[in-house]
Amino acid sequence: MKTLLIAYHSQSGASAALALAAAGGATASGELGVRCDRCADLGSADLARSDALLLVCAENNGRLNGGAKDFLDRIFYPMIGRNLVLPYGLLISAGSDGQGAVAEAQRVFKGI
């Protein structure tokens with residue numbers, strides 16, 4: 001069975017609610033194992049045991065929020081070292097159009 005890792009950072013609770021809703025939908029298929037945890041509690045070893053990643057976070061001032069950025073910073077070089085390439089999804093809780101946060105995440109993901 002394939003495993004989806006849902007990593008989220010939430011200060012207001014909105015991104016946590018989105019992550020839990022996504023986990024419920026993914027689990028309902030019966031075809032995926034789903035792990036849903038806070039970015040602060042995850043690292044490169046967790047990602048290496050997964051088949052795909054869904055990053056869920058808020059946009060802050062047109063950028064990724066700090067917890068999500070910290071997660072990406074911590075996994076970036078270990079994933080490059082392992083040549084790990086995974087499909088990913090990005091779910092942004094945005095106060096504006098979210099384009100800045102998406103662009104920032106995509107720059108990181110293209111390097112992994």
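Above this text sits the structure in question.
Since the structure is predicted, the reported quantities are computational estimates derived from the model, not experimental observations.

## Looking at helix α4 (residues 99-111)
In step 1: For α4, which comprises 13 residues, the first-to-last C-alpha distance of 19 Å matches the rise-based estimate of 18 Å (1.5 Å per residue) to within 8%.
In step 2: Check the buried side of α4 and you find it contacts β3 (52-60), β4 (63-64), α3 (66-81) and β5 (88-93).

## Considering the nonpolar core
In step 1: Counting residues in hydrophobic clusters, the biggest one holds 21 residues, and the most contacted among them are Ala-7, Leu-47, Leu-53, Leu-55, Leu-64, Phe-71 and Leu-72.
In step 2: Secondary-structure elements contributing two or more residues to this core are β1 (2-8), β3, α3 and α4.
In step 3: At 6 residues, the largest contribution of residues to this core is made by α3.
In step 4: Excluding its chain neighbours within four sequence positions, the residues that come into contact with Leu-55 are Ala-7, Cys-39, Ala-68, Phe-71, Leu-72, Gly-89, Leu-90, Leu-91 and Phe-109.

## Brief notes about the side chain of Glu-59
In step 1: The topology assignment puts Glu-59 in strand β3.
In step 2: Of the buried charged residues, Glu-59 lacks a salt bridge, with Arg-63 as the closest side chain of opposite charge at 9.2 Å.
In step 3: Polar contacts involving the side chain of Glu-59 include one to the main-chain amide nitrogen of Gly-98, which spans 3.2 Å.
In step 4: What Glu-59 contacts, discounting residues up to four positions off in sequence, is Ile-92, Ser-93, Ala-94, Gly-95, Ser-96, Gly-98, Gln-99 and Ala-101.

## Describing the packing of α3 against α4
In step 1: Interhelical geometry of α3 versus α4 gives an angle of 15° and a closest axis separation of 9 Å. When the axes of α3 and α4 are compared, the pair comes out roughly parallel. Here α3 and α4 pass one another in a crossing that is left-handed. Here Lys-69, Leu-72, Phe-76 and Ile-80 of α3 lie close against α4, whose contacting residues are Glu-104, Val-108, Phe-109 and Gly-111.
In step 2: For the contact of α3 with α4, the per-class residue count stands at 5 nonpolar, 1 polar and 2 charged.

## A few points about the packing of aromatic side chains
In step 1: On inspection of all chains with the given rule, the structure shows 2 aromatic pairs.
In step 2: Ring centres of Tyr-88 and Phe-109 lie 3.9 Å apart, and the angle between their planes is 25°; on these two criteria the pair is classed as stacked. Taken together, the residues span a long stretch of sequence, with Tyr-88 in strand β5 and Phe-109 in helix α4 at a distance of 21 residues.

## Remarks on the pattern of salt bridges
In step 1: Scanning the model with the defined rule gives 7 salt bridges in all.
In step 2: Here Asp-46 makes a salt bridge to Arg-49, at a shortest N to O gap of 2.8 Å.
In step 3: Relative accessible area serves as the criterion here: at 57%, Arg-49 is assigned to the exposed category.
In step 4: Here Arg-63 makes a salt bridge to Glu-104, at a shortest N to O gap of 3.1 Å. Taken as a pair, Arg-63 in strand β4 and Glu-104 in helix α4 lie far apart in primary sequence, 41 residues in all.
In step 5: Here the residues in one salt-bridge network are Arg-35, Asp-37, Asp-46 and Arg-49, joined through shared partners.

## Thoughts on the pairing of strand β2 (residues 32-38)
In step 1: The sheet contact formed by β1 and β2 spans 7 bridges and is parallel. When the sheet's bridge partners are listed, Ala-7 is paired in β2 with Asp-37.
In step 2: Following the chain from β1 across helix α1 (residues 14-28) to the adjacent parallel β2, one finds a crossover that is right-handed.

Cut-offs applied
The residue numbering used here restarts from 1 in each chain and proceeds along that chain's sequence as written. Local features in a predicted model are, by the rule used here, given only for residues with pLDDT of at least 70; side-chain atom pairs are given and counted only at 80 or more, and totals for whole chains, interfaces and linings are based on all residues. Side-chain numbers come from the whole structure's heavy atoms, not from hydrogens or water. A run of DSSP states H or I qualifies as a helix once it reaches four residues; a run of E qualifies as a strand once it reaches two. Both are numbered from the N-terminal end. Under the convention used throughout, the expected extent of a helix is 1.5 Å for every residue step, that is, one less than its residue count. In what follows, a contact means two residues having at least one pair of non-hydrogen atoms within 4.5 Å. Definition of nonpolar core: a set of buried residues of the types Ala, Val, Leu, Ile, Met, Phe, Trp, Tyr and Cys, connected through side-chain atoms within 4.5 Å. In this scheme, a residue with accessible area under 20% of its type's maximum is buried, one over 50% is exposed, and one in between is partly exposed, where area comes from a 1.4 Å probe on protein chains only. Think of it this way: Lys and Arg go in the positive column, Asp and Glu in the negative one, and His and the chain ends go nowhere. Between Lys or Arg on one side and Asp or Glu on the other, a salt bridge is scored when a side-chain nitrogen of the former is within 4 Å of a carboxyl oxygen of the latter. Identification of polar contacts relies on pairs of N or O atoms within 3.5 Å, with a donor-acceptor requirement for protein atoms, meaning one able to donate a hydrogen and the other able to accept it, and with residues adjacent in sequence counted only if both atoms are side-chain atoms. Axis geometry follows a simple rule: fit a line to the C-alpha atoms, using only the stretch in contact for helices, then measure angles between N-to-C directions, giving values from 0 to 180 degrees. What sets the label is the angle itself: under 35 degrees gives roughly parallel, over 145 gives roughly antiparallel, 65 to 115 gives roughly perpendicular, and the rest give oblique. Crossing handedness: left-handed means the near helix sits turned counterclockwise from the far one by under a right angle, and right-handed means the same turn made clockwise. In this classification, Asp, Glu, Lys and Arg are treated as charged, Ala, Val, Leu, Ile, Met, Phe, Trp, Tyr, Cys and Pro as nonpolar, and every other residue, Gly included, as polar. Centres within 6.5 Å are what make two rings of Phe, Tyr or Trp a pair, Trp counting through its six-membered ring; a difference in plane orientation under 30 degrees is then read as stacked, over 60 as edge-to-face, and the rest as tilted. Pairs of strands are assigned from DSSP output, requiring at least two bridges between the strands. When the strands point away from the viewer, a crossover counts as right-handed if the route from the first strand across the helix to the second turns clockwise.

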